[in-house]
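# Understanding the architecture of this molecule
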Protein chains: 2
Amino acid sequence: MISGRIFSLSNRTGIPKFQLTRKLSSVAATKLETPPEPTEPRMLTAVPGPKSKQLHSDLSKMQSMDSVHFFVDYDASVGNYIVDVDGNTMLDVFTQISSVPIGYNHPALLSAFNSDSAMRALVNRPALGVYPGADWATRLNQVLMSVAPQGLDQVTTMMCGSCSNENAFKLMHFYHMEKERGGRAFNQQEMESCMINQAPGTPDLSVLSFHGGFHGRTAASLACTHSKYIHKIDVPLAQWQVSDFPRYKYPLDQFVAENNAEDERCLAMAEDVIHNSRKTGPTITGVIVEPIQAEGGDHHGSNRWFQGLQDICKKYDIIYLIDEVQTGGGPTGKIWCHEWFELAESPDIVTFSKKMLTGGLYHKSKLRPKQPYRIFNTWVGDPGKLILLDAVLKTIRSENLLEETSKSGTVLLDGLTDLQNRFPGYLNSARGRGTFCAINCDTTDRRDKILNQLREVGVHAGGCGDTAIRLRPALVFKEQHAHLFLNKLETVLKSF
Amino acid sequence: MISGRIFSLSNRTGIPKFQLTRKLSSVAATKLETPPEPTEPRMLTAVPGPKSKQLHSDLSKMQSMDSVHFFVDYDASVGNYIVDVDGNTMLDVFTQISSVPIGYNHPALLSAFNSDSAMRALVNRPALGVYPGADWATRLNQVLMSVAPQGLDQVTTMMCGSCSNENAFKLMHFYHMEKERGGRAFNQQEMESCMINQAPGTPDLSVLSFHGGFHGRTAASLACTHSKYIHKIDVPLAQWQVSDFPRYKYPLDQFVAENNAEDERCLAMAEDVIHNSRKTGPTITGVIVEPIQAEGGDHHGSNRWFQGLQDICKKYDIIYLIDEVQTGGGPTGKIWCHEWFELAESPDIVTFSKKMLTGGLYHKSKLRPKQPYRIFNTWVGDPGKLILLDAVLKTIRSENLLEETSKSGTVLLDGLTDLQNRFPGYLNSARGRGTFCAINCDTTDRRDKILNQLREVGVHAGGCGDTAIRLRPALVFKEQHAHLFLNKLETVLKSF
C-alpha cells in the first residue's frame, strides 16, 4: 500500500529510514549544554505518572488547575522531546499549545542572555511607552520588522495574544471615529461621557468575528471567541455580531463546487451582517479572523474566502485584522499563514504571540493614533522576549526551518491522507499547511482515545474542536519525526 | 524654620547630612558588576536630549509613541538613579510607572539567572495551566505564597495587571452564577447561548468601580477605569455602574467631621448602587477598588471607607477585590497597602503586578472554579518573572526594605507637609503611606512646571490626576534620597 510506504520503518520505497539527528544545531558552544535529542520515545509510567500526580496535589492546594495534564522536567526536555517528571520521554507535537518555536533547550535560546547587555535588558524592564532603552528602536527594527508582513510598517509589542487583539480592536474603533469626527479634536461632551462609559465618548461599536473562532480571553477578545462554551459561560460580554466561517467538505478536490458555494454563502453573510450593523448597531469597525481556526477545530479557509473578506472590508472601509497568534512564526511553512492567501494587499492588522514569544501587532500607517497614550500600558511588551525572539528568527534562517517545516509538513499531510484512506471509519478531512496539520475523527470519543493511546506509545498530541487531532510541532520537527509520528498513529489505529 | 531643618543640607538639627551609600547591597559577588550608585544627579542636556530625540525619531517610523519621554541607558542606570542616553543622571522617583522594586541593576537581579535551572526555566516557557515545570508548585509556594495577604490561600499568575483584574472579575461572576444555579451543572441552553454572547449563558452582570479609579486597559478592566478620558474615548465598553470614592479635605486632622461625612456619603451611595443593580441590572457581582487611587490623583481612603465597603460586600454576598497593582510589593511600608486598613477579614481577591514583576491574583478558596479551563490562557504567567520576584523578596527581607521605606517615607511626608506650609499658594494636601506619597499643586500648569523644573535639576518625578505630583521611588529609596528630593523641590519652589 502507498500508505505504508510513506512512513513505514520498513523502507520499502527508498524513503529514508527513521533516523533521528543526534544534534539539534550547529550553534557554537554555550555555557549550558544541550544533550542530543532522544532517538525515540521512552515510556516508563502512565501519564500522568505518580510524581506528576503528587505535584498536582501540591499545586491544587494553591490553585484550581485541573487542566494540568502532567508536570515537566524542562531541564531534561530536548528538541522535539518533552520529558515529564516521571521520566517519560514523549515526542511533543503539541508544544505548549503551539508556543514553542525551536524546541526545548535549543542552544540558541540558552545562550541568548550570555551578554551583559542582554541580561541587563532582562532585569531592568522598562515602561516601553515612556522610557525605552537605547537599543529599543534598533531591536524592534532588526527583530520584529525583519519578519513584518509585507505592507505593514508599524509594530507595537504586547504581553500576550488577547491583549494584542484588544489593542487591535482599539485601532479599528479609533479609525472609524476619526472618520466620523472628520479629523476634529475631541469635544467636551465626548471627553466627559466616556469617563462613565456613555455615548458619545463611548460609542456603540463592534468587531465582527466568526463562529468557531478563538481570539483570547479578556473581555473584548473573549466577545469575539466562539470555540468552546467553557471559555465564555457566566462571563458578561458585549453582544457583538458573529458570522459563519466556511465549513468545507474534504477531500477538497472532490467537493470543489460545494466548497465554492460555501465560500460565497459565508462571504454574503458577512457582508450582510456588516451592512446591517450600520442600521441596527453596534456598527462594525473591523473584522477579526484566524487564517486557520486553530482552537475551534482547525477549520481552513480558501484563498477566495480570505480575498473576499478583504474586498468586503475595503468596500465598507473597515479594518481587516488577521489573528496569527497560533499560525504565525513559521509552522505553516511561511512566517505568516496569510502569505498563502495571495491577497491583493496586506491585511490592515496582523496580531501575533505564542511562537513569536512576544505578543504584538503589526499594522498599516493609516491606523497610527494621532494622540499619545491611546495604545499604551505600563510595560507595552518586554525587551527580554525580543532577545529570545531574535535568537529564534536567526535560528529559523540558519537552520532553514521554514523549508524543513514544509518538507516535514508534506510527509505529515501525505501520511494523514493515507491513513484516512486506510481507516475511513475513524479518520477524515486531513488538512494542513506546513506542519500545521489536523485530521478529524469519527467521534469525540475516538479522538480522545487516539490521543490517550498515542501518549501511551510516547507521542504527546492535542485536540481541538469536537473531533480534531491538531498537530503543532516545533519548527525543528523534521521528516523523520513525521515518520515516527505516523508510525505511532498507525499503531494506535490498528489497535481499534 | 522647621521645614528647613527636616531636609536641609545645612544639618542644623543633627539630622544626618545628605550622604549616599556607595553600595547597593551586600549580595555576594556576581558575574555582572554593579557600579556604586551616583552621589547626586548630573545633568548634561535638556531632557529629552539630542540622542533621545534622534532615537524617538527612529522609533516613530515604526510606531506612534509620542508618550515616550526619553531613552534610557539601562546599562548605566544604578539603584535610584536613571541615566538617559544623553548621559543625564537623574534621581528616579517615578521608576517606570512604579514598576521597579529594588532599583536599577540590583546585584540580586543580575545574578538571578546564574543557575542552569533558572536559565532553562526562562527559555523553556511552559503553558503553566497544562504542563508546569517540576518546581512550579514549590516556586509558587516559596515565592508568591510567602507574601500572600493573610487569609488568601489561592494564587494564579498572569502576565499583567489588566489581565489579573479581568480574571478576578470572572471569579466574581462565576461565584454569583454558581449560587444562582444552586450548584447544578450548566444546562444546554446556557452552553449554547454563551457561544453567541446571549443570555442565559452570557448573563447581564457587572463590577462596581469608582470614579477616579484605574484598573487597566483591556475591555472589562477599562470599563472599570475612570481616571483619564484618553484611556477610554472611542472604545466601546459595558455600561457598568460607577460610584464615588471619597474626596477628603486636607490636612486630615483639621477636617475630621467633613471627611467622616464624605465616607458615609460614599458608602451609602455604593450600597444604593449595588442594591439598585438587582432591580435594574446589570447585577453587580463584586466591587473593585484601589487602596490608593494611584492614577486618578492619589486619592486615599480611610480605614472606615475600606471597612465599610467590606461590610457592604458581605451584606450582599458579593466579592470584594482590592487592586494592589500599583500599591503592592512594599512601597507603602507593608507588602500590601490594604494591611493598613484593619479589615475584619482579608478582601476576597487581591490583584497585583508592577513591582511584583509578575501579574496575578490571590483569592479565597470559596472562589475556586469547579470546572477546569475557566481561569486559563496559553501561558498563565511566566516562571522567569517568579525567579526575579524571588530575588526581589529575598532582597526586601535581607535589606530590611520595608522598614527603610517606612523611614524614608516619613522623611518624605514630613518634608512635603512642611513645604506646603511654606508654599501654601502652590502646594496642598500632602499625603502618603511609606514612600507612596503625593502632593497637589494649585493648578495643572504649576504641577507640570514643577515636574519639568525638577527634571532640569536632576529629579525625575511623575504626575497623576489633574494636579498631583506622585512619588513612586523604588524600595531602595533611603532617607538621604528623600532629603535630596526635598531639597530639589524646595529649590524649584523658591524659583517661582
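Conventions adopted
Residues numbered from 1 in each chain as written. Chains lettered and ligands numbered in written order. Predicted model: local features only at pLDDT ≥ 70, side-chain atom pairs only at ≥ 80, totals over all residues. Contact = placed C-beta atoms within 7 Å. Helix = DSSP H or I, 4+ residues; strand = E, 2+ residues; numbered from the N terminus. Nonpolar A, V, L, I, M, F, W, Y, C, P; charged D, E, K, R; others polar. Least-squares fit on C-alpha atoms with pLDDT ≥ 70 in both. Core = buried A, V, L, I, M, F, W, Y, C linked by C-beta atoms within 7 Å. Buried ≥ 20, exposed ≤ 12 C-beta atoms within 10 Å, placed from the backbone. Axes fitted to C-alpha atoms, helices over the stretch in contact; angles between N-to-C directions. Parallel < 35°, antiparallel > 145°, perpendicular 65-115°, else oblique. Left-handed = near helix turned anticlockwise from the far one by under 90°. Pairing = 2+ DSSP bridges. Domains from an automatic or database assignment.

The subject of this paragraph is the interface of chain B and chain A. In this assembly, 106 residues from chain B lie in contact with 106 residues from chain A. When residues in the side of chain B that touches chain A are grouped by element, the largest group, seven residues, is from helix 7 (residues 161-181) of chain B. Its residues assigned to classes, the side of chain B that touches chain A shows 62 nonpolar, 28 polar and 16 charged.

What follows is about the relation of the copies chain B and chain A. By a simple turn and slide, chain B fits onto chain A: the slide is 0.0 Å along the axis, the RMSD is 0.0 Å, and the turn is 180°. What we have between these two chains is a two-fold relation. No C-alpha of chain B approaches the rotation axis more nearly than that of Ala219(B), which lies at 2.6 Å. Comparing interface residues between copies, 100% of those in chain B also lie at the interface in chain A; the contact surface is shared.

This part takes up the nonpolar core. By size, the foremost hydrophobic cluster in this structure holds 289 residues, and its most contacted members are Leu309(A) and Leu309(B). Aside from chain neighbours lying at most four places away, what touches Leu309(A) is Leu267(A), Ala270(A), Val287(A), Val289(A) and Tyr320(A).

Here the focus is the packing of helix 11 (residues 256-280) of chain A against helix 12 (residues 303-316) of chain A. All names here are of chain A. Contact geometry of helix 11 with helix 12 gives a least axis separation of 10 Å together with a crossing angle of 20°. The angle between helix 11 and helix 12 places the two elements in the roughly parallel class. Every pair of crossing elements has a handedness; the one defined by helix 11 and helix 12 is right-handed. Counted together, Asp263, Cys266, Leu267, Ala270, Glu271 and Ile274 of helix 11 and Arg304, Trp305, Gly308, Leu309, Ile312 and Tyr316 of helix 12 form the full contact between these two elements. Grouping the constituent residues of the contact of helix 11 with helix 12 by class yields eight nonpolar, one polar and three charged.

This paragraph deals with the sheet that holds strand 13 (residues 436-441) of chain A. Residue and element names in this part refer to chain A. With antiparallel pairing, the four strands of this open sheet are ordered in space as 12-13-16-15. Across the chains shown, the open sheet's two edge strands, defined by having one partner strand only, are strand 12 (427-433) and strand 15 (462-464). Between one strand axis and the next, the sheet turns by 30° as a mean value, whatever way the strands run. In this sheet, strand 16 (residues 468-470) lies alongside strand 15 in antiparallel orientation, the contact comprising three bridges.

All names here are of chain A. Along its sequence, chain A is organised into domain 1 (130-396) and domain 2 (401-469 + 490-496). The distance between the C-alpha centroids of domain 1 and domain 2 comes to 29 Å. Across the contact, 18 residues belong to domain 1 and 17 residues belong to domain 2. Taken together, the residues that form the side of domain 1 that touches domain 2 break down as seven nonpolar, eight polar and three charged.

All names here are of chain A. The N-to-C vectors of helix 14 (residues 401-422) and helix 16 (residues 479-495) enclose an angle of 15°; their axes lie 8 Å apart at closest approach. Classified by the interaxial angle, the pair formed by helix 14 and helix 16 is roughly parallel. Remark: the crossing between helix 14 and helix 16 carries right-handed chirality. Across the interface between the two elements, Lys407, Ser408, Val411, Leu412, Gly415 and Leu419 of helix 14 pack against Glu479, His481, Ala482, His483, Leu486, Leu489, Glu490 and Leu493 of helix 16. Of the residues that constitute the contact of helix 14 with helix 16, the class distribution is seven nonpolar, four polar and three charged.

Attention now moves to the sheet that holds strand 9 (residues 319-323) of chain A. All names here are of chain A. Strand order in the open sheet formed by seven strands is 3-11-10-9-6-4-5, with mixed pairing between adjacent strands. Edge positions in the sheet fall to strand 3 (154-158) and strand 5 (242-243), since each has one partner strand and no second. Helix 7 (residues 161-181) rests against strand 3, strand 4 (205-210), strand 6 (283-289), strand 9, strand 10 (349-352) and strand 11 (359-363) of the sheet, and its axis sits at about 30° to strand 11. In the packing of helix 12 onto the sheet, contacts are made with strand 6 and strand 9, and the angle to strand 9 comes to roughly 145°.

Moving on, we get to unusual backbone geometry. Across the junction of Gly281(A) and Pro282(A), the peptide omega takes the value -10°, indicating a cis bond. Within the element layout of this structure, Pro282(A) appears in the loop between helix 11 and strand 6. Cis geometry marks the peptide bond from Val47(B) to Pro48(B); its omega dihedral reads 0°. Considering the arrangement of structural elements, one finds Pro48(B) in the loop between helix 1 (2-7) and helix 2 (50-60). Backbone geometry at Asn400(A) places phi at a positive 50°, although glycine is not the residue there. Residue position: Asn400(A) is located in the loop between helix 13 (383-398) and helix 14. Looking at Asn400(A), the number of C-beta atoms within 10 Å reads 11, which means it is exposed. One non-glycine residue, Ser429(A), lies in positive phi territory at about 60°. Tracing the backbone through its elements, the reader meets Ser429(A) in strand 12.

Quick look at the pairing of strand 6 (residues 283-289) of chain B now. Residues and elements named next belong to chain B. Of all the seven residues making up strand 6, six are buried; the element is thus mostly covered by neighbouring parts of the structure. Here strand 4 (residues 205-210) runs beside strand 6; their pairing, made up of four bridges, is parallel. From the neighbouring strand, Leu208 faces strand 6, where its bridge partner is Val287. Of the strand pairs in this sheet, strand 6 and strand 9 (residues 319-323) are connected by four bridges, and their pairing is parallel. Directly across from Ile288, in strand 9, lies its bridge partner Leu321.

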